[in-house]
Amino acid sequence: MHKVILDTDPGIDDAMAIAYALAHPEIELLALTTVFGNVSVDKSTRNAQYILDVFGASTVDIAKGAGVPLVQTPLSYAEFVHGGDGLGDCYPDTSVVLSATASHAQLQDLSAADYIVEKARLYPGQISLIAVGPLTNIAQALEKEPDLPKLVKQLIVMGGTVDEPGNVTPLAEANFFNDPHAVDRLLVHDWPMVIIGLDVTHKVMITDSLLAKLRDGGGVTGDFLWRTSRFYIDFYSSSGAAKDTGVRQCAMHDAAAVAYLVEPDAFSLETGASRVIESGIAAGQLAIDRRGYRNATDHWNGRATTNGACMEVDAERVLQSFLSTIIDHRLN
Ligand code: BDR
Ligand code: CA
């Protein structure tokens, strides 16, 4: 059984990741730790509570995290992708009757970073940390507990891109662009840290017809994912990565990070000393040294070489795992 803390900025694809993690029989979802990103941290925390309520999960903790990046000036939220509420303008969804065991009681006094450190110390070598928003909370947790990379089992990150064009600039993906300093600090250490970036998430597109299968066979959870994804798929089909494909489809980025945990063989990983460019025209770009040459400068020297990014994926397998897990095993 994988003990998971999901660090998230819900977010429509974040909701997909939460549904997948909650339903998977091999995952024990301990907590959602929240961060700014798609929306403010107040909204992402509210959304996290709401999503857990809708999905029928009353035992998952929530710890509120960072509202701004470590160093840079905060950027604007992704309302044009996720809606003003972060959930495709579906908050609150009055058609959903929430259970009496609503998760609001699970909001922790600890900050996200303190919560992560506490659980990592409590369950050494057992926690899989999956981060699907800006990496601010994880960098803060590392600052509080320098042994965090040894205490957790693995760190799986949705973010960045190596060869695929970026989604917020030609070079950068949104989560890394939102706090490049945080990611770069993480990459110094040997976690191992596996990056699920646009190189693979733009290959795992979920079509409207697959989302309709979730709506029809996935109970309250599937119906919620269908409704929240209307706004998101409109964006993807008109101006995002699906715009020239002729198919109504969208990336399920954050759910692909959960897929790596349960279907690692569906991914191919390339490792090497890695940096994220912190500022300037290339801010947010992930640069992995895949050459193995002698470097002319120190920028990549002295960095862990075991971290890396997934470059290829068996998209069919990931989509199948996502759909069947929710249809067969969802709580609500
Ligand atoms: C990432 O950015 C956010 O908008 C999504 O939730 C995902 O985590 C994709 O670039
Ligand atoms: Ca996200």
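A brief report on the enclosed structure follows. Once a new chain begins, its residue numbering starts again from 1 and follows that chain's sequence as written. Just so you know, chain letters begin at A and ligand numbers begin at 1, following the order they were written in. The predicted nature of this model means local features are confined to residues of pLDDT at least 70 and side-chain atom pairs, given and counted, to a pLDDT of 80 or more, with totals for whole chains, interfaces and linings taken over all residues. With hydrogens and water set aside, each side-chain value is computed from the structure's full complement of heavy atoms.

Only DSSP runs of H or I with at least four residues qualify as helices, and only runs of E with at least two residues qualify as strands; both kinds are numbered from the N terminus onward. If you tally the helices and strands in the protein chain, you get 13 helices and 12 strands. Taken over C-alpha atoms, the radius of gyration comes to 18 Å for the protein chain, in line with the 20 Å a tight globule of 332 residues would show. The principal-axis extents of the C-alpha atoms in the protein chain amount to approximately 60 × 50 × 40 Å. Residue burial is assigned from relative accessible area. The probe radius is 1.4 Å, only protein chains are included, and a residue is buried under 20% of its type maximum, exposed over 50%, and partly exposed in between. Relative to its full complement of 332 residues, the protein chain shows a buried share of 60%. For this analysis, residues touch if any pair of their heavy atoms sits within 4.5 Å. Look at the contacts in the protein chain between residues 6 or more apart in sequence, and 81% of them connect residues 24 or more apart. Of the roughly 12,700 Å² of accessible surface on the protein chain, 51% is carried by carbon and sulfur atoms. A residue counts as positive if it is Lys or Arg and as negative if it is Asp or Glu; His and the chain ends are not included. To locate a charge, take NZ of a lysine, CZ of an arginine, CG of an aspartate or CD of a glutamate. Once the 24 positive and 42 negative side-chain charges of the protein chain are each reduced to a mean point, those two points are 1 Å apart. Computation of the radius of gyration draws on C-alpha atoms, with the globule rule given as 2.2 Å multiplied by the number of residues to the power 0.38. Residue burial considers only the protein chains on display, and all accessible areas are found by Shrake-Rupley using a 1.4 Å probe.

The two faces of a sheet get side chains in turn, since along a regular strand they alternate between them. When you tally the buried positions in strand 5 (residues 154-158), you get five out of five residues, the bulk of the element. On strand 5, burial covers both faces: Q154, I156 and M158 on one face and L155 and V157 on the other are all buried. Sheet analysis places strand 4 (residues 127-131) next to strand 5, joined by four bridges and oriented parallel. Within strand 5, the residue paired with L129 across the bridge is L155. Strands were regarded as paired on the criterion that DSSP finds at least two bridges between them.

In this section: the packing of helix 10 (residues 208-217) against helix 11 (residues 219-238). One way to put it is that helix 10 packs onto helix 11 with a least axis distance of 6 Å and a crossing angle of 150°. One element, helix 10, and the other, helix 11, form an angle in the roughly antiparallel class. The two elements helix 10 and helix 11 cross, and the hand of that crossing is left-handed. Contact with helix 10, carried on its side by D208, L211, A212, L214, R215 and G217, involves G219, G222, D223, L225, W226, S229, R230 and I233 of helix 11 and no other residues of that element. Polar here means any residue other than Ala, Val, Leu, Ile, Met, Phe, Trp, Tyr, Cys and Pro, which are nonpolar, and Asp, Glu, Lys and Arg, which are charged; Gly is therefore polar. Its residues assigned to classes, the contact of helix 10 with helix 11 comprises six nonpolar, four polar and four charged. Comment: axis = line fitted to C-alpha atoms, over the contacting stretch for helices; angle = value between 0 and 180 degrees taken between N-to-C directions. Angular relationships are summarised with four words: roughly parallel below 35 degrees, roughly antiparallel beyond 145, roughly perpendicular across 65 to 115, and oblique for the angles in between. Put simply, a crossing is left-handed when the front helix is turned counterclockwise from the back one by less than a right angle, and right-handed when it is turned clockwise.

Our next topic: the coordination of the calcium ion (ligand 2). With water excluded from the atoms, a metal site may look incomplete; its donors are any N, O or S atoms within 2.8 Å, or within 3.2 Å for Na, K and Ca. Of the protein atoms, only D9 (OD), D14 (OD), D14 (OD), V132 (O) and D254 (OD) coordinate the calcium ion (ligand 2), at distances of 2.3 to 2.7 Å. Every donor residue of the calcium ion (ligand 2) comes from the same chain, spaced as D-x4-D-x117-V-x121-D. Of this pair, D9 sits in the loop between strand 1 (2-8) and helix 1 (12-23) while V132 sits in the loop between strand 4 and helix 5 (136-144), placing them 123 residues apart in sequence. What makes V132 buried here is its relative accessible area of 1%.

Before going further, it helps to examine helix 2 (residues 41-54). Here the expected span of a helix is defined as 1.5 Å times the quantity of residues minus one. Between its first and last C-alpha atoms helix 2 spans 20 Å; for 14 residues at 1.5 Å apiece the expected length is 20 Å, and the two agree. Most of helix 2 is tucked away: 11 of the 14 residues are buried. Within helix 2 the residues assigned to the buried category are V41, S44, T45, N47, A48, Q49, Y50, I51, L52, D53 and V54. Of the surrounding elements, those touching the buried residues of helix 2 are strand 1, helix 1, strand 2 (27-34), strand 3 (61-64) and helix 11. G56 sits one or two positions beyond helix 2 and adopts a positive phi of about 75°.

Attention now goes to the site of ligand 1. Whether a residue is near a molecule or strand depends on its heavy atoms: if one lies within 4 Å, it is near. Around ligand 1 sit D13, D14, N38, H82, V132, M158, N167, E173, A174, N175, H253 and D254, and that is every residue in its neighbourhood. By the criterion applied in these results, polar contacts are pairs of N or O atoms within 3.5 Å in which, for protein atoms, one can donate a hydrogen and the other can accept it, and in which residues neighboring in sequence qualify only through two side-chain atoms. Contacts to ligand 1 include H82, whose side-chain N or O atom sits 3.1 Å from an oxygen atom. Between an oxygen atom of ligand 1 and a side-chain N or O atom of N167, the distance comes to 2.8 Å. Within the residue set of the shell around ligand 1, elements represented by two or more residues are helix 1, helix 7 (174-178) and helix 12 (253-262). Looking at the shell around ligand 1 residue by residue, the classes come out as three nonpolar, five polar and four charged.

The rule for a salt bridge is simple: a side-chain nitrogen of Lys or Arg has to be within 4 Å of a carboxyl oxygen of Asp or Glu. Under the definition given, this model contains 18 salt bridges. Its salt-bridge partner being D114, residue K144 comes within 3.1 Å of it at the nearest N-O pair. Here D114 lies in helix 4 (residues 112-122) and K144 lies in helix 5, a separation of 30 residues in the sequence. The partner of E270 in a salt bridge is R290, with the nearest N and O atoms 3.4 Å apart. Here the residue E270 occupies a position in strand 9 (residues 267-271), and R290 occupies one in the loop between strand 11 (286-288) and strand 12 (308-313), the gap between them amounting to 20 residues. The structure contains a network of salt bridges with shared partners spanning D208, R230, D234 and R248.

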